[in-house]
Amino acid sequence: MSFLKRIPAAAAILAAAFCVAAPAAAQTEVKLAYALATNSHYGAGAAAWAETAEKLSNGKLKFKQFPSSALGGERETVESVQLGTLEAVIVSSGTLSNFVPEVGVTDIPFLFRDLKHARSVLDGPVGQDLLAKFRSRNLVALAWGEQGFRHLTNSRHPVSKPDDMKGLKIRTMENPVHITAFKTLGAAPTPMAWPEVIGALQQGTIDGQENPMSVIVSAKLAQVQKYLTLTGHVYSPAALIVSTKLWNSLDDAGKKALAEGARAGAQAMRAYVDEVERKGLADVKAAGMQVVELDDRSKASFQQALGPAYKQYESRYGRALIDSIANAK
Ligand code: PAF
């Protein structure tokens, strides 16, 4: 081939390389990990976050989702976000108090009256102050989504009063507030990362676990647990978090798109929870679960049995903060 013939060929190769490289350089990939399947409240939050942020950034942000603990347990994924090797997570407050201990106040049993109360506290000064605390731990928390109120499931017997908890081996999150509560109720709390839980329930190495309806339904816990007690013992917020590395790499418009996307994700999670609270009970009953619904008196008996635990919570988080949350309208 003559020299003159080779010039256009080389130019074409260069032009092609430029065309392929240009859009990739303009786009920022956001790898987003979460513990549950795409058909869960986490999946709903992730889809809305991705869709809104991609649209508002005119495609400059491109999400890639890793559902179902594909990148490890919640603690590991938050650590990856801290290191900047993962851009984003949706994760339960139960895990987050290992990173921002102050978040543990939201895990105190029977602190929130209902979803409305919990949402207004998290959207108000207390919740927003908690989000701000993540910055000093090398994390940027953008919004509070949620899981709903946690309930107890087990494979041994119906639980309708605190005494029924005695000796039950209950998987808890790796969370000191939850562990204290289950110990105080006389159960044997077994902290365990979520990816191991279904196997442990199947093998019978634990008797039960506790999670909201959103998880009980989406993770199909009726296949491995016979009894459900609607304890509603702990409200479970979940945060939408990105790495400081990603955040600092974005211009103002990119940050705005990411933050607005996170707020849309949080709303989608709440909408999912509203829906599963309405319909989930019928689904799990149809799947064979025996359900114990607690009246106000029975709930109060659990609260009473937790007396010594409340003393510990008070000394850890302060009476003033706990009261300001409990008394919020
Ligand atoms: O129980 C847990 O570990 C959490 O609630 C879960 C299911 C991983 C969702 O954050």
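Notes on the structure follow. Since the structure is predicted, the reported quantities are computational estimates derived from the model, not experimental observations.

What follows concerns the side chain of Arg171. With respect to the secondary-structure elements, Arg171 resides in strand 5 (residues 169-172). Here Arg171 sits buried without a salt bridge, and the closest side chain of opposite charge, Glu210, lies 5.0 Å off (N-O distance). For Arg171, the side chain forms a polar contact with the main-chain oxygen of Met192, separated by 2.9 Å. Ignoring anything within four residues of it in the chain, the contact list for Arg171 reads Arg150, Thr190, Met192, Ala193, Trp194, Val197, Ile206, Gly208, Gln209, Glu210 and Asn211.

Further remarks concern the site of the ligand. Close contacts around the ligand come from Ala35, Tyr42, Glu74, Ser92, Gln147, Arg150, Arg171, Met173, Trp194, Asn211 and Val215, and that covers them all. Side-chain polar atom of Arg171 to an oxygen atom of the ligand: 2.7 Å apart, as the coordinates give it. Surface burial for the ligand is 99%, taken as the share of its 290 Å² of free accessible area covered by protein chains. In terms of residue class, the shell around the ligand is built from 5 nonpolar, 3 polar and 3 charged.

Next up on the list: the pairing of strand 6 (residues 188-191). Here strand 5 pairs with strand 6 via 4 bridges, running parallel. In the strand pairing of strand 6, Ile170 is matched with Pro189. On the question of chirality, the crossover connecting strand 5 to the parallel strand 6 by way of helix 7 (residues 176-184) is right-handed.

What follows covers the pattern of salt bridges. Under the defined criterion, the tally for this structure stands at 15 salt bridges. The residue Glu275 makes a salt bridge to Lys279 at a minimum N-O spacing of 2.9 Å. In this pair, Glu275 and Lys279 both sit in helix 11 (residues 252-286), 4 residues apart, roughly one turn of the helix. The exposure class assigned to Glu275 is partly exposed, which follows from its relative accessible area of 32%. Here Glu314 makes a salt bridge to Arg319, at a shortest N to O gap of 3.7 Å. With relative accessibility at 49%, the residue Arg319 sits in the partly exposed group. A single salt-bridge network, built from bridges that share partners, covers Arg119, Glu146 and Asp274.

Glancing now at the packing of helix 13 (residues 307-317) against helix 14 (residues 319-326). Viewed as axis vectors pointing N to C, helix 13 and helix 14 meet at an angle of 110°, and their least axial separation amounts to 7 Å. Between helix 13 and helix 14, the angle falls in the class roughly perpendicular. Residues Tyr313, Glu314 and Tyr317 of helix 13 touch helix 14, and the partners they reach there are Arg319, Leu321 and Ile322.

This brings us to the side chain of Thr190. Tracing the backbone shows Thr190 in strand 6. Ignoring any residue separated from it by four or fewer positions in sequence, one finds Thr190 in contact with Lys169, Ile170, Arg171, Thr172 and Ile206.

Structurally, Phe149 can be placed in strand 4 (residues 139-154). The sequence separation of Phe149 and Leu228 amounts to 79 residues, and the corresponding C-alpha distance is 13 Å.

Considering all chains together, one arrives at 5 aromatic pairs under this definition. With a centroid separation of 6.0 Å and an interplanar angle of 80°, the aromatic rings of Tyr310 and Tyr313 are classed as edge-to-face. Of the two residues, Tyr310 and Tyr313 are both situated in helix 13; the distance of 3 residues between them amounts to about one turn of the helix. According to the relative accessible area criterion, Tyr313 is buried, its value standing at 1%. Clustering of aromatic rings is evident, with ring pairs tying together Phe112, Phe149 and Tyr235.

What counts and what doesn't
Residues numbered from 1 in each chain as written. Predicted model: local features only at pLDDT ≥ 70, side-chain atom pairs only at ≥ 80, totals over all residues. Heavy atoms only, no water. Helix = DSSP H or I, 4+ residues; strand = E, 2+ residues; numbered from the N terminus. Buried < 20%, exposed > 50% of the residue type's maximum accessible area, 1.4 Å probe, protein only. Lys, Arg positive; Asp, Glu negative; His and termini not counted. Salt bridge = Lys/Arg side-chain N within 4 Å of Asp/Glu carboxyl O. Polar contact = N/O pair within 3.5 Å; in protein donor to acceptor, adjacent residues only side chain to side chain. Contact = heavy atoms within 4.5 Å. Near = heavy atom within 4 Å. Areas by Shrake-Rupley, 256 points an atom, 1.4 Å probe, with all protein chains shown as cover. Nonpolar A, V, L, I, M, F, W, Y, C, P; charged D, E, K, R; others polar. Pairing = 2+ DSSP bridges. Right-handed = clockwise from strand over helix to strand, strands pointing away. Axes fitted to C-alpha atoms, helices over the stretch in contact; angles between N-to-C directions. Parallel < 35°, antiparallel > 145°, perpendicular 65-115°, else oblique. Phe/Tyr/Trp six-rings, centres within 6.5 Å; stacked < 30°, edge-to-face > 60°.

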